[in-house]
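Residue strings, one per chain:
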Amino acid sequence: QVQLVESGGGWVQTGGSLRLACEASTRINSVYNVAWFRQAPGKEREFVAVVRMSGSISYSDSAKGRFTISRDSAKNTVYLQMNNLKPEDTAVYSCGATKSVAISQAQYYYYWGQGTQVTVSS
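Residues numbered from 1 in each chain as written. Predicted model: local features only at pLDDT ≥ 70, side-chain atom pairs only at ≥ 80, totals over all residues. Heavy atoms only, no water.

K.L.:
Can you tell me about the packing of aromatic side chains, naming the residues and giving the values?
P.N.:
If you walk through the whole model with that rule in mind, you get seven aromatic pairs. Measuring from ring centre to ring centre gives 5.1 Å for Phe37 and Tyr109, while their planes differ by 80 degrees; the resulting arrangement is edge-to-face. Separated by 72 residues along the polypeptide, Phe37 in strand β4 (residues 33–39) and Tyr109 in the loop between β9 (91–98) and β10 (111–112) bring together distant segments of the chain. A relative accessible area of 6% means that Tyr109 is categorised as buried. Taken together, a centroid distance of 5.2 Å and an interplanar angle of 70 degrees make the contact between Phe37 and Trp112 edge-to-face. One end of the pair, Phe37, is in strand β4; the other, Trp112, is in strand β10, and 75 residues separate them in sequence. According to the relative accessible area criterion, Trp112 is partly exposed, its value standing at 25%. In this structure an aromatic cluster arises from ring pairing among Phe37, Phe47, Tyr109 and Trp112. The residue whose ring lies beneath Arg19 is Tyr79, and the NZ or CZ to ring-centre distance is 4.1 Å. Residue placement shows Arg45 over the ring face of Trp112; its charged tip is 4.0 Å from the ring centre. (Phe/Tyr/Trp six-rings, centres within 6.5 Å; stacked < 30°, edge-to-face > 60°. Helix = DSSP H or I, 4+ residues; strand = E, 2+ residues; numbered from the N terminus. Buried < 20%, exposed > 50% of the residue type's maximum accessible area, 1.4 Å probe, protein only. Lys NZ or Arg CZ within 6 Å of the ring centre and 35° of its normal.)

If you want it as structure tokens, here you go:
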């Protein structure tokens, strides 16, 4: 069983930055694909970014150029640096872990954190 705990959410103004952290209870960084998803009120959970077991990275179109995912294997932690935030980035951000190759589909993730709220004001 893997437990994931997110932190780093908060309130920022448009153009601001936040760094989210997803800390795992055990070694995950070369064992699972770890991704960030987000869910805004009334919307479906949306893929944001993933760092695969291999270390390769993918982003959603909305995240490219503004968000950076990274991992610290020594700390069993995956980060999401978010820059130039926009009001449409407002959502609950959650991290998930999977061994599936369907990395952008939330239903294939085995483990989830509780989520952290990000609010961007205009």
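K.L.:
Would you mind going over the state of the cysteines in detail, with residue names and values included?
P.N.:
With the rule as written, the count across this model stands at one disulfide. Between Cys22 and Cys95 runs a disulfide, and the two sulfur atoms are separated by 2.1 Å. Its S-S torsion of about 75 degrees marks the bond between Cys22 and Cys95 as right-handed, since a negative value means left-handed. Note that Cys22 is positioned in strand β3 (residues 18–24) and Cys95 in strand β9, a separation of 73 residues in sequence. We classify Cys22 as buried; its relative accessible area is 0%. (Disulfide = S-S within 2.5 Å.)

Read these as spatial facts, not as claims about activity.
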